[in-house]
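Read off the chains here:
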Amino acid sequence: MVYRRFSRPIARFLMRFDVHPNTITYFAFALGLISAYIVAIGRIYEGVFLLFVSQIFDCVDGDLARMAGKTSRYGAFIDRVFDRFVDAAIIIAIVALNPASYWLAGFLALTFSFGVSIARAMAEAEGAECKVGIAGRDTRIALIMIGLLLGYYVETLWIIAVLSFITTVHRIVYTVRQF
């Protein structure tokens, strides 16, 4: 993962100051929401830059928790929930660029992106392993950043929708076969 190249040194640095991992989770979440707002008002490059930084810090919290021996169920839970909110915010931000034309692609991208996460969460709740699929969160966010930078807004939403649908179905089938 490209973010780890940056996140691990930052986590090591923050350990010196006894920064709590959950503080970094809140910071990454705030940056993610701000990045979505910046995209929604049409400042694409700035928004993508902030989203990239947000993703780095989304990795820092876990790296810091593991390095400092401060992992917790609470931290893992809020990290996962906040990730979904950032995912939704960035998709909605793209739709905000041209709501009349992008709403359907955005709706499907959001729905199936959540499907990817929900399929994994439900599988794990039933004791199954479920990390399969071509459109995990890192892939979706990377595609969104690339699509935004290239100016392919609605195309990016359609790609996210299709790949997320495929991944959701893959995760469902994969999990059902474990039972």
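Look above for the structure.
What this report covers is the structure whose coordinates are included nearby. (Residues numbered from 1 in each chain as written. Predicted model: local features only at pLDDT ≥ 70, side-chain atom pairs only at ≥ 80, totals over all residues. Heavy atoms only, no water.)

### Focus on the overall build of the protein chain
1) Next: A count of helical and extended segments in the protein chain gives 7 helices and 0 strands.
2) Next: Taken against the 2.2 N^0.38 rule, which gives 16 Å for 179 residues, the C-alpha radius of gyration of the protein chain at 17 Å falls within 12% of a compact globule.
3) Next: Counting every position in the protein chain, which comprises 179 residues, the buried fraction comes to 45%.
4) Next: Taking the intrachain contacts of the protein chain between residues at least 6 apart in sequence as the baseline, contacts between residues at least 24 apart amount to 80%.
5) Next: Just so you have it, the protein chain exposes about 9500 Å², and 67% of that area is on carbon and sulfur atoms.
6) Next: The averaged location of the 13 negative side-chain charges in the protein chain is 4 Å from the averaged location of its 17 positive side-chain charges. (Helix = DSSP H or I, 4+ residues; strand = E, 2+ residues; numbered from the N terminus. Rg over C-alpha atoms; globule rule 2.2 N^0.38 Å. Buried < 20%, exposed > 50% of the residue type's maximum accessible area, 1.4 Å probe, protein only. Contact = heavy atoms within 4.5 Å. Areas by Shrake-Rupley, 256 points an atom, 1.4 Å probe, with all protein chains shown as cover. Lys, Arg positive; Asp, Glu negative; His and termini not counted. Charge placed at Lys NZ, Arg CZ, Asp CG, Glu CD.)

### Some remarks on the side chain of Asp 87
1) Next: As for its position among the elements, Asp 87 is in helix α4 (residues 73-96).
2) Next: Among the polar contacts listed, one links the side chain of Asp 87 to the side chain of Arg 137, at a separation of 2.7 Å.
3) Next: When sequence neighbours within four positions are dropped, the list of residues in contact with Asp 87 reads Arg 137, Arg 140 and Ile 141. (Polar contact = N/O pair within 3.5 Å; in protein donor to acceptor, adjacent residues only side chain to side chain.)

### Here's the deal with the nonpolar core
1) Next: Ranked by internal contacts, the top residues of the largest apolar core, which has 37 residues, are Val 39, Val 60, Ile 90, Ile 94, Ile 144, Leu 148 and Leu 157.
2) Next: Secondary-structure elements contributing two or more residues to this core are α1 (4-15), α2 (21-40), α3 (44-68), α4, α5 (99-125), α6 (137-150) and α7 (153-176).
3) Next: Not counting residues up to four positions away in its chain, the partners in contact with Leu 157 are Ile 91, Ile 94, Val 95, Tyr 102, Ala 105, Gly 106 and Ala 109. (Core = buried A, V, L, I, M, F, W, Y, C linked by side-chain atoms within 4.5 Å.)

### Notes on empty space enclosed by the protein
1) Next: Taken as a whole and judged by the stated rule, the model has 2 cavities of 30 Å³ or more.
2) Next: Quantified by volume, the largest cavity comes out at close to 60 Å³.
3) Next: Around the largest cavity sit Thr 25, Ala 28, Phe 29, Ser 54, Gln 55, Asp 58, Asp 79, Phe 82, Asp 83, Val 86 and Arg 137, which together line it.
4) Next: Those elements giving two or more residues to the lining of the largest cavity turn out to be α2, α3 and α4.
5) Next: Tallying contributions element by element places α4 first for the lining of the largest cavity, with 4 residues.
6) Next: Space inside the second largest cavity adds up to approximately 40 Å³.
7) Next: For the second largest cavity, the full set of lining residues is Asp 87, Ile 90, Ile 91, Ser 113, Arg 137, Arg 140, Ile 141, Ile 144 and Ile 160.
8) Next: Of all the secondary structure elements, the ones that give two or more residues to the lining of the second largest cavity are α4 and α6.
9) Next: In terms of residue count, the dominant contributor to the lining of the second largest cavity is α6 (4 residues). (1 Å grid on protein atoms, 1.4 Å probe; cavity = no way out; pocket = protein on both sides within 12 Å on 5 of 7 lines; lining within 4 Å. Points joined across faces, edges and corners; volume = space filled by probe spheres on them.)

### Topic: the layout of surface pockets
1) Next: Looking at the largest pocket, its volume works out to about 1200 Å³.
2) Next: Together, 40 residues line the largest pocket, and Asp 79, Arg 80, Asp 83, Arg 84 and Arg 120 are the ones closest to its centre.
3) Next: Listed by contribution, the elements that provide at least two residues to the lining of the largest pocket are α2, α3, α4, α5 and α6.
4) Next: Examining the composition of the lining of the largest pocket, we find that 9 residues originate from one element, α4, more than from any other.
5) Next: Classifying every residue of the lining of the largest pocket gives 14 nonpolar, 10 polar and 16 charged. (Nonpolar A, V, L, I, M, F, W, Y, C, P; charged D, E, K, R; others polar.)

### Regarding α3
1) Next: For α3, built from 25 residues, the straight-helix expectation of 36 Å at 1.5 Å per residue is met to within 8% by its first-to-last C-alpha distance of 36 Å.
2) Next: Count one or two residues on from α3 and you reach Gly 69, which has phi positive near 65°. (Expected span 1.5 Å × (residues − 1).)

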